[in-house]
Amino acid sequence: MPSDPCPADDDALLHALRELSALLDPVLLKPALTRALCQLAGARRCLLVRHEAGLTLIEAEARRDGMAVCNNKDHCIAGPDDLHTATLTLRLSHRGQARGELLLYYDAPPAAAMTRCAHHLAAHAAVALANAADHAQALLEKEQLLCAERELRTSQELLKQGERFNHAGSMRYLVREDLMFCSDELCRIYGLPPGRNCITYDEFASIMHPDDRQEVIETVNAAVAMGGTIRVEHRICRQDTGEVRYLSGIGKPVWVDGTFTEYVGTATDITVRRQAEYAIRAAQVDMERVSRANTVGQLTASIAHEINQPLMSIVSNAGASLRWLNRPVPELEHARAGLRDIISEGQRAGGIISSLQNLTRNRAPQFERLNLAALIRHTLTLSRSELEQREVHLSLSLPPAEVHVLGDTVQLQQVLLNLVVNAIDAMAAVPENARTLNIGVSCCNEQRVKVEIQDSGEGIAADAMPHIFDAVYTTKENGMGMGLAICRSIIETHRGRLRVEAAQPQGTVFSFDLPRVP
Amino acid sequence: MMSEGETTPPSHRPIAVIDDDLGVRAALCNLLDSAGHRHCSFDGGEDFLTSTCLPVAACAIVDLNLPEMSGFELAEQLRSLRPDLPVLFISAQVTPLQRQRATAMGMALLVKPVDADTLLVLLTSTLLYGPP
């Protein structure tokens, strides 16, 4: 039977408490607690238990054998024997939170000093366990935070690379503060100086191509006013190099509690795609020109062939008839036969001409009520790539109220497109910054509306002016001389008149008027 | 055959007209008739090559744009069958390439509508002196 140890003196107790306080790892603290109770409070055996799910779990155990104290099993379930034979059961509680129990076993009832020592230790153990648990929790949270931060870094890096590969930048626009935060890639696309990743809306507008600025600002303002999605395609002039790039942008408001204070969005550099589209378009235009030239050539050849046959017959028969008549004794019957053939061959030639006319005659125009401004806008979308490629500045002045005319959509578009293409062609020789296409609509009065298409080109020579609407007259190298003649006839079908004048200070202005309808 | 050609005066030997257009063919025959020439006519080169007219013809007026065998192909064949036979090409539509080829073959090419007097003068001189 081991001799009872003496109750610990104050020095030993303080020393032990200091040691226990320093232990912040619960794994080390728990067995240390049980050991301290065996050593200082003289228990033969000490269990630290925790109640969980109706079971009592042993978290640490110490036994004393003489003066030696050691831990043995831990983390097993305490049996009824363990629970019922304990001499002292000390509840551990700190700030109202249970921290388990200490079960102390003595061979003989312990002295009051021992019991008091046990209570001191138990009170301290609750605090130490609470501290250790807090510490462990803090460590865990720190670890999770580090982990989250690492993941964030990785995903940010991936995002950056993705943006770089796709030439797509992203941005965040704080509406009230009027600040736009740009991603690295967006800064690169805009050509912002290094370290400059936050710009105002005005600065953003200044990067935009002057010809696109107004339209983009209107689109953005309209969307922001009602919290709608922004979708724009526009050009920018890079802030560093001035290089023109094509961008496709999209922005969506971030709604929080029924309101929004910011927009997030992306801008993708679509210059390469756009250039490819233009190249295809240019190739198509070339192909159309070639095929038109071919068609005209083939048409001429086939007309020549078809008409020359009866002409050949007519000329030969006429020559023959003259000879029959000029004989000393005129052969009248032969002459008559030749003349009859001449009549039928002449009719044959006429038939060929009228069937050709049927082939090329345009269908009757389909008149309907048209929104003139919409018609002009639609025509301009058709020639947009041409305008951009030839760097022609477009100035459009449409009346604020809608103006309607009675006309054939296809024919009027044909006229507008022809005049716009002519205007673009006319400016080929002037410097790029001096190429301006003005399209204006003005209401002369209640009855009529006037459309003007003015270029800033070299103008039409005075001697060419009177012939400009003549068929088969052209000043273009590969023109057919049909465009303006057809335009004038279309406008006349619409009860209007197509005119041309020299523009001031340079260029040409074509104008036509049309009757208005309510 | 050659001996026959030499004994028969040019005006009595027929002029062959090969053109697929009936109106043209009839008118040319009428014109030749009125000028006192005999003639035979065909709407394709194949018919002429198998006809009795081939050995006796004094000259051939050949349309370039024939439906089967082209005028040039016909002339090539005639070159071996009747090397002495002068050929006058006529065509409603002449490309620079066709004109070059006719010149290279040493044959006249007239564009329809051919002036009646021009054709007859050219024919007479060809019959007298050979191709221009």
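Conventions used here
- Residues numbered from 1 in each chain as written.
- Chains lettered and ligands numbered in written order.
- Predicted model: local features only at pLDDT ≥ 70, side-chain atom pairs only at ≥ 80, totals over all residues.
- Helix = DSSP H or I, 4+ residues; strand = E, 2+ residues; numbered from the N terminus.
- Buried ≥ 20, exposed ≤ 12 C-beta atoms within 10 Å, placed from the backbone.
- Contact = placed C-beta atoms within 7 Å.
- Axes fitted to C-alpha atoms, helices over the stretch in contact; angles between N-to-C directions.
- Parallel < 35°, antiparallel > 145°, perpendicular 65-115°, else oblique.
- Left-handed = near helix turned anticlockwise from the far one by under 90°.
- Nonpolar A, V, L, I, M, F, W, Y, C, P; charged D, E, K, R; others polar.
- Pairing = 2+ DSSP bridges.
- Core = buried A, V, L, I, M, F, W, Y, C linked by C-beta atoms within 7 Å.

Peer 1: Quick question: what am I supposed to make of the overall build of chain B here?
Peer 2: Within chain B one finds 6 helices and 5 strands. Scanning chain B from its N terminus toward the C terminus, one meets helices and strands in the order α-β-α-β-α-β-α-β-α-β-α. Residue burial in chain B is summarised as follows: out of 132 residues, 42% are buried. Considering only intrachain contacts with a sequence separation of at least 6, the fraction spanning at least 24 residues in chain B is 58%.

Peer 1: Hey, could you run me through the overall build of chain A in this one?
Peer 2: Each helix and strand counted, chain A has 13 helices and 19 strands in total. Counting only residues that meet the buried cut, chain A has 28% of its 518 residues in that class.

Peer 1: I'm lost on the packing of helix H10 (residues 372-382) of chain A against helix H12 (residues 409-426) of chain A in this one. Help?
Peer 2: In a pair of packed helices, the angle between the axes and the distance between the axes together describe the arrangement. All names here are of chain A. Two numbers describe how H10 lies on H12: the axes approach to 10 Å, and their chain directions differ by 55°. As the angle between them shows, H10 and H12 are arranged oblique. Judged by the twist between their axes, the crossing of H10 over H12 is right-handed. Contact residues: H10 offers Leu-375, Ile-376, Thr-379 and Leu-382, while H12 offers Thr-409, Leu-412, Gln-413, Leu-416, Leu-417 and Val-420. The class makeup of the residues in the contact of H10 with H12 is 7 nonpolar, 3 polar and no charged.

Peer 1: Explain the environment of Ala-26 of chain B here, please?
Peer 2: When you line up the elements, Ala-26 of chain B lands in helix H2 (residues 22-34). Between the C-alpha atom of Ala-26 of chain B and that of Ser-41 of chain B, which follows or precedes it by 15 residues, the distance is 8.5 Å.

Peer 1: Which parts of the structure should I look at to understand the sheet that holds strand S9 (residues 198-199) of chain A?
Peer 2: Strands belonging to one sheet form pairs held by backbone hydrogen bonds; the direction of such a pair is parallel or antiparallel. Residues and elements named next belong to chain A. Spatial strand order, S9-S8-S7-S12-S11-S10: 6 strands in an open sheet with antiparallel pairing. Of all the strands in the sheet, just S9 and strand S10 (230-237) have a single pairing partner and so form its edges. Sheet topology places strand S7 (residues 168-174) next to strand S12 (residues 259-269); 7 bridges connect them, and they run antiparallel. Counterpart to Ala-168 in the pairing with S12 is Thr-268.

Peer 1: What am I meant to see in the packing of helix H1 (residues 10-22) of chain A against helix H2 (residues 26-40) of chain A here?
Peer 2: Residues and elements named next belong to chain A. Between H1 and H2, whose axes approach to 10 Å, the crossing angle comes to 175°. Taken together, the axes of H1 and H2 are roughly antiparallel relative to one another. On the side of H1, the interface is formed by Ala-12, Leu-13, Ala-16 and Leu-20, while H2 contributes Leu-29, Ala-32, Leu-33, Ala-36 and Leu-40. In terms of residue class, the contact of H1 with H2 is made up of 9 nonpolar, no polar and no charged.

Peer 1: Mind showing me how you'd approach the sheet that holds strand S5 (residues 108-111) of chain B here?
Peer 2: Residues and elements named next belong to chain B. Spatial strand order, S2-S1-S3-S4-S5: 5 strands in an open sheet with parallel pairing. Edge positions in the open sheet fall to strand S2 (39-42) and S5, since each of these has one partner strand only. Across the sheet, the axes of successive neighbouring strands diverge by a mean angle of 20°, strand direction being ignored. Looking at chain direction, strand S1 (residues 15-18) and S2 are connected through 4 bridges and run parallel. In the sheet register, Ile-15 faces S2, and the bridge partner there is His-39.

Peer 1: Honestly, the interface of chain A and chain B in this entry has me stumped. Any pointers?
Peer 2: Many authors give the size of an interface as the accessible area that is lost as the parts come together. Opposite the 22 residues of chain A that make contact, chain B presents 19 residues. At 17 residues, the largest contribution of residues to the side of chain A that touches chain B is made by helix H8 (residues 271-326) of chain A. The residue makeup of the side of chain A that touches chain B, split by class, is 9 nonpolar, 9 polar and 4 charged.

Peer 1: Mind showing me how you'd approach the nonpolar core here?
Peer 2: Note on soluble globular proteins: their nonpolar side chains tend to be buried together. Counting residues in each nonpolar core, the largest one holds 45 residues, and the members touching the most others are Ile-15, Ile-18, Ala-60, Ile-61 and Phe-89 of chain B. Elements represented by at least two residues in this core include exactly H8 and helix H9 (332-360) of chain A together with S1, H2, strand S3 (59-63), helix H4 (71-81), strand S4 (87-91) and helix H6 (116-129) of chain B. With 7 residues, the top contributor of residues to this core is H2 of chain B. Those residues in contact with Ile-61 of chain B that sit more than four places away from it in its chain are Ile-15, Val-17, Leu-28, Leu-88 and Ile-90 of chain B. The next biggest cluster of nonpolar side chains, apart from the first, holds 37 residues, and it includes Ala-62, Ala-78, Ala-128 and Ala-132 of chain A.

Peer 1: Whenever I open this one, the pairing of strand S16 (residues 436-443) of chain A confuses me. Can you help?
Peer 2: Looking down a regular strand, the side chains alternate between one sheet face and the other. All names here are of chain A. Where strand S14 (residues 393-397) and S16 come together, 5 bridges link them in parallel fashion. Note that in S16 the partner of Ser-395 across the bridge is Asn-438. The pairing of S16 with strand S17 (residues 448-454) spans 6 bridges and is classified as antiparallel. Bridge pairing in S17 links Cys-443 to Val-449.

Peer 1: What exactly am I supposed to notice about the pairing of S17 of chain A here?
Peer 2: Residue and element names in this part refer to chain A. Connecting S16 to the antiparallel partner S17 that follows it, the hairpin turn spans 4 residues. Relative to strand S19 (residues 508-517), S17 runs antiparallel, the two sharing 7 bridges. Residue pairing for S19: Ile-453 is matched across the bridge by Phe-510.

Peer 1: Explain unusual backbone geometry to me, please; I cannot follow it from the model alone.
Peer 2: One can expect most non-glycine residues to show negative phi and most peptide bonds to be in trans. Gln-504 of chain A connects to Pro-505 of chain A through a cis peptide bond whose omega is 0°. Position of Pro-505 of chain A among the secondary structure elements: in the loop between strand S18 (497-502) and S19. In this chain, Lys-112 of chain B is followed by Pro-113 of chain B through a cis amide linkage whose omega measures -5°. One can find Pro-113 of chain B in the loop between S5 and H6. Despite not being glycine, Arg-95 of chain A shows a phi value in the positive range, around 50°. Tracing the backbone through its elements, the reader meets Arg-95 of chain A in the loop between strand S5 (88-94) and strand S6 (97-105).

The quantities given are spatial measurements derived from coordinates; they are silent on function.
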